[in-house]
Amino acid sequence: MSALKNKVPAPSDERFDPGWVAERSRAFETARPEDILAFALATYAPRVAISTAFGLEGCALIHMALQIDPNVRVFTIDTGYLFRETQQLKYAFVEKYGIDLTTFEPELTVPQQERRYGLKLFETDSDACCRMRKVEPNRRALAELDGWIAGLRRDQSPTRANTPHVQLLRHADGTPLVKVCPLARWTRKDTWRYVMDNGVPYNELLDRGYTSVGCWPCTRPVREGEDERAGRWNGRKAECGIHEPPDYSI
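Report on the accompanying structure. (Residues numbered from 1 in each chain as written. Predicted model: local features only at pLDDT ≥ 70, side-chain atom pairs only at ≥ 80, totals over all residues. Heavy atoms only, no water.)

## Quick word on the packing of aromatic side chains
All chains considered together, the criterion is met by 13 aromatic pairs. Residues Phe39 and Tyr44 carry aromatic rings whose centres are separated by 6.1 Å and whose planes lie at 85° to one another, so their mutual orientation is edge-to-face. What makes Tyr44 buried here is its relative accessible area of 0%. Taken together, the ring pairs in this structure connect Phe16, Trp20, Phe28, Phe39 and Tyr44 into an aromatic cluster. It is Arg232 that lies over the ring of Trp233; its NZ or CZ is 4.8 Å from the centre. (Phe/Tyr/Trp six-rings, centres within 6.5 Å; stacked < 30°, edge-to-face > 60°. Buried < 20%, exposed > 50% of the residue type's maximum accessible area, 1.4 Å probe, protein only. Lys NZ or Arg CZ within 6 Å of the ring centre and 35° of its normal.)

In structure tokens, the structure reads:
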């Protein structure tokens, strides 16, 4: 992903008007994900990108976006704790689709973090670990964007039940950022159907009892009857902070 000059949008730009954004979000309650995605790519170009951890939703979104714009920009975060299977999937996507992928990394390597904060910070203070290894790199990735496309679904967990299709957020400097979630109304079954119907590569851990894949120290297969994200952080929390409102919402 090439660096772009951080231009502050003019206040009169309706793409960042709260009322206009809210109206778009309401209108998209009956729209296809492909149409919502096309809206995001056209409206916020060229400063728009898809974020993905190469979960099932991200894989579906990338494939869907490539049908609209073969040069769509995609970014991911390498926390230093990714499963080998996740790394392999990332390479498979680049090789198969030639995607414009940029990988952001934390400011500290894992050994540097361990020397400074002790071993297994993910156990002693998982919030601090997530802030350093996920949230901060994600903020850097978003800094040059006007539009952020993410693969959240409302049925993934109670914390995501009210996910809007379009949401007006703010960067740290107060400039606007619009987050678009084309798959908000989809179910897990809808996502699997799209992936299978289109031969989209996916993480092989999903065939081994995992339903949501993050960092290896904090992810386990789910047990019968648990919700989709119950295998993350072993019940200590539901989100890493990237998608939590206090960090970005207005």
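## Side note on the nonpolar core
Within the largest apolar cluster, 43 residues are counted, with the highest numbers of intra-cluster contacts made by Tyr44, Ile62, Phe93, Ile149 and Val178. At the level of elements, α1 (18–27), α2 (33–43), β1 (48–51), α3 (56–68), α4 (84–97), β5 (166–170), β6 (176–180) and α8 (188–197) are the ones that each hand at least two residues to this core. The element contributing the most residues to this core is α3, with 8 residues. Residue contacts for Phe93: discarding those within four places in its chain leaves Phe54, Cys59, Ile62, Gly98, Ile99, Val200 and Pro201. (Core = buried A, V, L, I, M, F, W, Y, C linked by side-chain atoms within 4.5 Å. Helix = DSSP H or I, 4+ residues; strand = E, 2+ residues; numbered from the N terminus. Contact = heavy atoms within 4.5 Å.)

## Let's talk about the state of the cysteines
Inspection of the entire model under this criterion finds 0 disulfides. Distance from the sulfur of Cys181, which forms no disulfide, to the nearest cysteine sulfur (Cys240) is 14 Å. On the basis of relative accessible area, Cys181 is assigned to the buried category, the value being 2%. Lacking any disulfide linkage, Cys215 is separated from the closest cysteine sulfur, that of Cys218, by 6.2 Å. Take Cys215: its relative accessible area is 11%, and that puts it in the buried class. (Disulfide = S-S within 2.5 Å.)

## Thoughts on empty space enclosed by the protein
Considering all chains together, one arrives at 2 cavities of 30 Å³ or more under this definition. Approximately 670 Å³ is the volume found for the largest cavity. Residue lining of the largest cavity: 37 residues in total, with Thr52, Ala53, Gly55, Arg232 and His243 positioned closest to the centre. Each pocket or cavity is described by its volume, and for the second largest cavity that value is around 110 Å³. Along its surface, the second largest cavity is lined by 14 residues, and Cys130, Lys134, Cys215, Cys218 and Trp233 are the ones closest to its centre. Sort the elements by how many residues they give to the lining of the second largest cavity and helix α7 (residues 126–142) lands first, with 5 residues. In terms of residue class, the lining of the second largest cavity is built from 8 nonpolar, 3 polar and 3 charged. (1 Å grid on protein atoms, 1.4 Å probe; cavity = no way out; pocket = protein on both sides within 12 Å on 5 of 7 lines; lining within 4 Å. Points joined across faces, edges and corners; volume = space filled by probe spheres on them. Nonpolar A, V, L, I, M, F, W, Y, C, P; charged D, E, K, R; others polar.)

## Side note on α4
Under the 1.5 Å per step criterion, the end-to-end length of α4 is 20 Å for 14 residues, consistent within 8% with the ideal 20 Å. Buried within α4 are the following residues: Glu85, Thr86, Gln87, Leu89, Lys90 and Phe93. Considering only its buried residues, α4 is in contact with α3, β2 (73–77) and β3 (100–104). (Expected span 1.5 Å × (residues − 1).)

## Describing α8
Among the residues of α8, Arg188, Thr191, Trp192, Tyr194 and Val195 are the ones counted as buried. Buried positions in α8, seen along its axis, are confined to an arc of 160° and lie on one side of it. The exposed residues of α8 that point more than 90 degrees off its buried face are Lys189, Met196 and Asp197. Residues of α8 that are buried sit in contact with α2 and α3. Positive phi appears at Gly199, one or two residues downstream of α8, with a value of about 60°. (Arc of directions from axis to C-beta.)

## Structural notes on the environment of Cys129
Relative to the assigned elements, Cys129 resides in helix α7. Separated by 93 residues in the primary sequence, Cys129 and Ile36 place their C-alpha atoms 33 Å from one another. Excluding residues that lie within four positions of it along the chain, Cys129 makes contacts with Tyr81, Gln113, Leu121, Phe122 and Lys134.

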